[in-house]
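# Examination of the molecular architecture
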2 protein chains.
Amino acid sequence: MSVLVIGSIAFDTIETSQARKERILGGAANFASAAASHFSKVQLVGIVGSDYPEDWFAKLRSRGVDTSGVERARGKSFFWEGRYAPDFGSRETLDTQLGVFENYSPTLPRSYRSPAIAFLGNIAPDLQSTVLSQLEPGTVTAMDTMNLWLDMNRDLVFQLVEKVEILLVNDEEAMDMTSECHPMSAARKLATMGPRIVVVKMGGHGAVVVHEGKPFFAPGYPVELVVDPTGAGDSFAGAFLGSLAAERQIDRRAVNRALVYGNAVASYVVEHFEPAAVLEMTRRTILERFIYIRELIDY
Amino acid sequence: MSVLVIGSIAFDTIETSQARKERILGGAANFASAAASHFSKVQLVGIVGSDYPEDWFAKLRSRGVDTSGVERARGKSFFWEGRYAPDFGSRETLDTQLGVFENYSPTLPRSYRSPAIAFLGNIAPDLQSTVLSQLEPGTVTAMDTMNLWLDMNRDLVFQLVEKVEILLVNDEEAMDMTSECHPMSAARKLATMGPRIVVVKMGGHGAVVVHEGKPFFAPGYPVELVVDPTGAGDSFAGAFLGSLAAERQIDRRAVNRALVYGNAVASYVVEHFEPAAVLEMTRRTILERFIYIRELIDY
């Protein structure tokens, strides 16, 4: 069973208090599909310009990611530049260039229309909506969003939330969407708005999932040195959904396991630059971190 | 079995973005003993001036707290004034007046020298040391500390850490004491320095305990509205130790249970002003929050 992932495939320029990296690989879909590839087959959907390195897609393919849903267009790939505060508690967007993403309207290849789970990554809600309408009935759908879309097109975001089975957002977005003051209360309220499963990510602290009204919390794996948090949330989503897609049944146990996997993979992402690190994470590292988190809450 | 608690018995003036409270009751020993009283008998040790209301001690006594170890001296009681940032992420001390605490040298009544657990609350390490030397061998000892004492008398703090069985500190203190970058790594390192049990409190996020080398994490109970975080850490310690003192055996299960009780009680403290609220917390509220946290990590 496979996970379809749509989102940005981008170049990022990242500035932290320790380093500056120019035009490295990034984008929500790259991080999410690299993370999901450890658990299930992946179908990647997105668009790049003529400037994007083909060998990255070759690398993805070697790990079981189908990249035939990636369009290559004349022009420049999506570009984002950001600067993190020294404690990584916040970040500032310095530049965003949509490039070929500006006029993108995704069309799913026929073989992409009935994945086990379709992940509408963090892109404009009208693009998410376009993809949603192309999926076969019965596909489990998941979405992420961000404050930008909540500010620009709040109504459409909420229409989508009503339609999807799984919602994954971070704590700030969850509180913004519900006017609740605590991520857990926000998660519980979001779970009444349609999705069967709501995940609220709390950065290094961990994440909470509400499934059929019941919350489960998994703490973050203790990261010694944060290098670059970019893509952590996307990788979390990729690991969560990849793990779910590999399960026979999406029950409470599967959901809780997926949440721990999400935390395990995300903790590794923040220790590295670029999605290649996520792709190259070993099965052993994933399992070690899974077990660590699992034992941390073994009452 | 009883918990001996020594620490400040104080007046606090608290300023938050919502309210200002003048000379309300406070002090680590008040919060800790009020919290511990829900689980076991308590023996309170400290000093107050002639200005401290006797009816507060009557209230404590009515809940099983022995206050015969509290000295009343001529002069003023300990006073602290602080202001919290609007998000409660930090606080600023505006005034500290030691009053009768300045020349205090605690002498334990004979009946206080062999409690189940003695809690050396957050006071000067030489006072903690004085109390420690008066306890019968076999008493389980626990201590808290704070950055002030680590700055002023670091060596003595570490000498005490080597001697006690249980250390409870917050994340910043733990990282300061170990030069580790993550509260969990700090907890593990502190656990190699002597104490059999190390608890690192992470505010609203929860707390981790390392017991015989193994960490266990309990998330915070979701607090809707923070009113005043003063005393949350002390109440956490009181509940943790009170719960432990009521156990037949301090094993892993007892320690994990105590950690969940610590979080349950601390979450209530931050929703209220003054230690009287802790004292009046109902058994039902404690249990509800205990079960909520317990279920949150039920994998």
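Residues numbered from 1 in each chain as written. Chains lettered and ligands numbered in written order. Predicted model: local features only at pLDDT ≥ 70, side-chain atom pairs only at ≥ 80, totals over all residues. Heavy atoms only, no water.

### What to know about the relation of the copies chain B and chain A
- Least-squares fitting of chain B to chain A yields an RMSD of 0.0 Å, with the transformation described by 0.0 Å of translation along the axis and a rotation of 180 degrees. When the rotation and shift are considered jointly, the pair of chain copies conforms to a two-fold rotation axis. Taking C-alpha positions as the reference, the residue of chain B nearest the rotation axis is Ile297 of chain B, at 3.0 Å.
- Mapped onto chain A, 100% of the interface residues of chain B again fall at the interface, so both copies present the same surface. (Least-squares fit on C-alpha atoms with pLDDT ≥ 70 in both. Contact = heavy atoms within 4.5 Å.)

### Considering helix α6 (residues 171-178) of chain B
Residue and element names in this part refer to chain B.
- Among all positions of α6, only Glu173, Ala174, Met177 and Thr178 are buried. Buried residues in α6, looked at end-on, bunch into an arc of 115 degrees, giving them a common side.
- Each element contacted by the buried residues of α6 is listed here: α4 (147-152), α5 (154-163), β10 (166-170), α7 (183-190) and β11 (197-201).
- With a side-chain oxygen lying 3.1 Å from the backbone nitrogen of Glu172, the N-terminal cap of α6 falls on Asn170.
- Following α6 by one or two positions, Ser179 adopts a phi angle in the positive range, close to 60 degrees. (Buried < 20%, exposed > 50% of the residue type's maximum accessible area, 1.4 Å probe, protein only. Helix = DSSP H or I, 4+ residues; strand = E, 2+ residues; numbered from the N terminus. Arc of directions from axis to C-beta. Polar contact = N/O pair within 3.5 Å; in protein donor to acceptor, adjacent residues only side chain to side chain.)

### Looking at the pairing of strand β9 (residues 140-143) of chain B
Residues and elements named next belong to chain B.
- Here β9 shows two buried faces, one formed by Val140 and Ala142 and the other by Thr141 and Met143.
- Judged from the four bridges that link them, strand β8 (residues 117-120) and β9 form a sheet pairing that is parallel. What sits directly across from Ala118, in β9, is Thr141.
- Crossover handedness for the path β8 to helix α3 (residues 125-134) to β9: right-handed.
- Pairing of β9 with β10 involves two bridges; the strand directions are parallel. Paired with Met143 across the strands is Leu167, a residue of β10. (Pairing = 2+ DSSP bridges. Right-handed = clockwise from strand over helix to strand, strands pointing away.)

### Observations concerning the sheet that holds strand β8 (residues 117-120) of chain A
All names here are of chain A.
- Reading across from one edge, β5-β4-β1-β8-β9-β10-β11-β12-β13 is the order of the nine strands in this open sheet, with mixed pairing throughout. Each edge of the open sheet carries a strand with a single partner, namely β5 (65-72) and β13 (214-219). Between one strand axis and the next, the sheet turns by 15 degrees as a mean value, whatever way the strands run.
- On the sheet, helix α6 (residues 171-178) packs against β10 (166-170) and β11 (197-201) and is oriented at approximately 110 degrees with respect to β10. (Axes fitted to C-alpha atoms, helices over the stretch in contact; angles between N-to-C directions.)

### Notes on the packing of helix α9 (residues 252-269) of chain A against helix α11 (residues 283-296) of chain A
All names here are of chain A.
- Two elements in contact, α9 and α11, have axes separated by 9 Å at closest approach and are oriented at 120 degrees. Compared by their axis directions, α9 and α11 come out oblique. Here α9 runs over α11; the crossing is right-handed. Across from Arg257, Val260, Tyr261, Asn263, Ala264, Val265, Ser267 and Tyr268 in α9, the residues of α11 making contact are Arg283, Thr285, Ile286, Leu287, Arg289, Phe290, Ile293 and Arg294.
- Per-class residue counts for the contact of α9 with α11 are nine nonpolar, three polar and four charged. (Parallel < 35°, antiparallel > 145°, perpendicular 65-115°, else oblique. Left-handed = near helix turned anticlockwise from the far one by under 90°. Nonpolar A, V, L, I, M, F, W, Y, C, P; charged D, E, K, R; others polar.)

### As for the confidence of the model for chain A
- When pLDDT is averaged along chain A, the result is 96; 100% of the residues meet or exceed 70.
- Under the prediction, the complex receives an ipTM of 0.90, its pTM being 0.94. (pLDDT = per-residue confidence, 0-100.)

### Focus: the packing of aromatic side chains
- A full pass over the atoms with the stated rule returns 19 aromatic pairs over all chains.
- Here the aromatic rings of Phe39 of chain A and Tyr261 of chain A are separated by 4.8 Å at their centres, their planes lie at 65 degrees, and the arrangement is edge-to-face. Highlighted residues: Phe39 of chain A in the loop between α1 (28-36) and β4 (41-48) and Tyr261 of chain A in helix α9, separated in sequence by 222 residues.
- Their ring planes at 45 degrees and their centres at 4.7 Å tell us that Phe11 of chain B and Tyr52 of chain B sit as a pair that is tilted. In this pair, Phe11 of chain B sits in strand β2 (residues 10-15) while Tyr52 of chain B sits in the loop between β4 (41-48) and α2 (54-62), placing the two residues 41 residues apart along the sequence.
- Relative accessible area serves as the criterion here: at 3%, Tyr52 of chain B is assigned to the buried category.
- Site record: aromatic cluster; members linked through ring pairs are Phe11, Tyr52 and Phe57 of chain A.
- Note that Arg23 of chain A overlies the ring of Phe11 of chain A, its terminal NZ or CZ placed 4.3 Å from the centroid. (Phe/Tyr/Trp six-rings, centres within 6.5 Å; stacked < 30°, edge-to-face > 60°. Lys NZ or Arg CZ within 6 Å of the ring centre and 35° of its normal.)

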